[in-house]
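Survey of secondary and tertiary structure
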There are 2 protein chains.
Amino acid sequence: MKALGRHVLAEYFGCEKELLNDPKALENHLIEAAKAANATVISSSFRTFEPFGVSGVVIVAESHLAIHTWPEYGFAAVDFFTCGDSSNPWKAHEYLKTVLKPSKTEEKEVLRGVLDIENLSFKPFLIEQQKRENNSAAFV
Amino acid sequence: MKALGRHVLAEYFGCEKELLNDPKALENHLIEAAKAANATVISSSFRTFEPFGVSGVVIVAESHLAIHTWPEYGFAAVDFFTCGDSSNPWKAHEYLKTVLKPSKTEEKEVLRGVLDIENLSFKPFLIEQQKRENNSAAFV
């Protein structure tokens, strides 16, 4: 039995309130967090609520990262979901903690896609990798 | 102690493979699932992988729904994350099951944003509601 992916659900308490209400800064931070996890960023979408609060999702080739913030409580709920062996959602969490500076976090990891299949593979990533390898080969 | 939101993580096994590779159909189904949960759809973004697989996220005012599919395994990992008392992520799950027709599902609920604050409120939804009430009043 092997899992297709790992999903880290993290609660960030005691963050700086202004940062939690800045969609552009949060988007940049979440994209950098995805890179820290060695994930490939495909697209991102962030929205600000009135009078405060931001929701944003970064779709990566390996699944997604998401954040929802409540600046009034200094709180953010963050998801780091990556598939395949090459990306590590915990690295994204470690990175994001350095920039959001929560006074406390709580996290749990949930395995996704636990299937009883031999040689279970996360194909999109492998295909992307093959493409890069093919492209590299073309430039030799 | 009260939670800002509920996050249902669901594993769909034994789904029809063609449907899991159809981004437009999946987007429509996830949007309908959001409505079934009484959530307010804000935006959606879906992507197809080569040679197969779809990733998609629907941002709702109450948080987000997400799906990642592996048609080759008949498998989908689905997230239903809603905040506030007016939306119910389990209703989205119940709806999606009727259209993806998995032979088996596994699900767990994780409470998000459990804060020791009196009168904890999910403000964006209340504000949207107030706006609608104000708009309605303007037409009286």
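Only a predicted model underlies this, so the values are computations on that prediction, with no experimental measurement involved.

1. Focus on the sheet that holds strand β1 (residues 2-13) of chain B
Residues and elements named next belong to chain B. On the basis of which strands lie adjacent, the open sheet formed by six strands has the order β2-β3-β4-β5-β1-β6 and antiparallel pairing. Where the open sheet ends on each side, the last strands, each with one partner, are β2 (41-48) and β6 (104-115). Between one strand and the next, the sheet's axes are offset by a mean angle of 10 degrees, whatever the strand orientation. Strand direction decides the pairing type here: β1 and strand β5 (residues 75-83), joined by eight bridges, are antiparallel. If you follow L9 over to β5, its bridge partner there is D79.

2. Thoughts on the pattern of salt bridges
Under the defined criterion, the tally for this structure stands at 14 salt bridges over all chains. Among the salt bridges present, the one from B:E27 reaches B:K24, with a minimum N-O distance of 3.5 Å. Within this pair, B:E27 and its partner B:K24 are both found in helix α1 (residues 23-36), separated by three residues, close to a single helical turn. Each of A:E11, A:D79 and B:R112 takes part in a single network of salt bridges with overlapping partners.

3. As for the relation of the copies chain A and chain B
Superposing chain A onto chain B takes a rotation of 180 degrees combined with a translation of 0.0 Å along the rotation axis, leaving an RMSD of 0.0 Å. Seen this way, the second copy is the image of the first under a two-fold rotation axis. Minimal C-alpha distance to the rotation axis in chain A is attained by A:V57, lying at 3.9 Å.

4. Some thoughts on the state of the cysteines
The final tally for this structure, using the stated rule, is zero disulfides over all chains. Cysteine A:C15 is unpaired, with the sulfur of B:C83 as its nearest cysteine sulfur at 15 Å.

5. A closer look at the sheet that holds strand β3 (residues 54-60) of chain A
Residue and element names in this part refer to chain A. Taken together, six strands build an open sheet; the order of strands is β2-β3-β4-β5-β1-β6 and the sheet is antiparallel. Either end of the sheet is taken by a strand with one partner, and the two such strands are β2 (41-48) and β6 (104-115). This sheet shows a mean twist of 10 degrees between the axes of neighbouring strands, independent of strand direction. Pairing of strand β4 (residues 63-70) with strand β5 (residues 75-83) involves eight bridges; the strand directions are antiparallel. Of the residues in β5, the one forming a bridge with I67 is V78. With respect to the sheet, helix α1 (residues 23-36) is in contact with β2, β3, β4 and β5, its orientation differing from that of β2 by roughly 155 degrees. Sitting on the sheet, helix α2 (residues 89-100) touches β1 (2-13), β4, β5 and β6, and the angle it makes with β1 is about 15 degrees.

The rules we used
- Residues numbered from 1 in each chain as written.
- Chains lettered and ligands numbered in written order.
- Predicted model: local features only at pLDDT ≥ 70, side-chain atom pairs only at ≥ 80, totals over all residues.
- Heavy atoms only, no water.
- Pairing = 2+ DSSP bridges.
- Helix = DSSP H or I, 4+ residues; strand = E, 2+ residues; numbered from the N terminus.
- Axes fitted to C-alpha atoms, helices over the stretch in contact; angles between N-to-C directions.
- Salt bridge = Lys/Arg side-chain N within 4 Å of Asp/Glu carboxyl O.
- Least-squares fit on C-alpha atoms with pLDDT ≥ 70 in both.
- Disulfide = S-S within 2.5 Å.
- Contact = heavy atoms within 4.5 Å.

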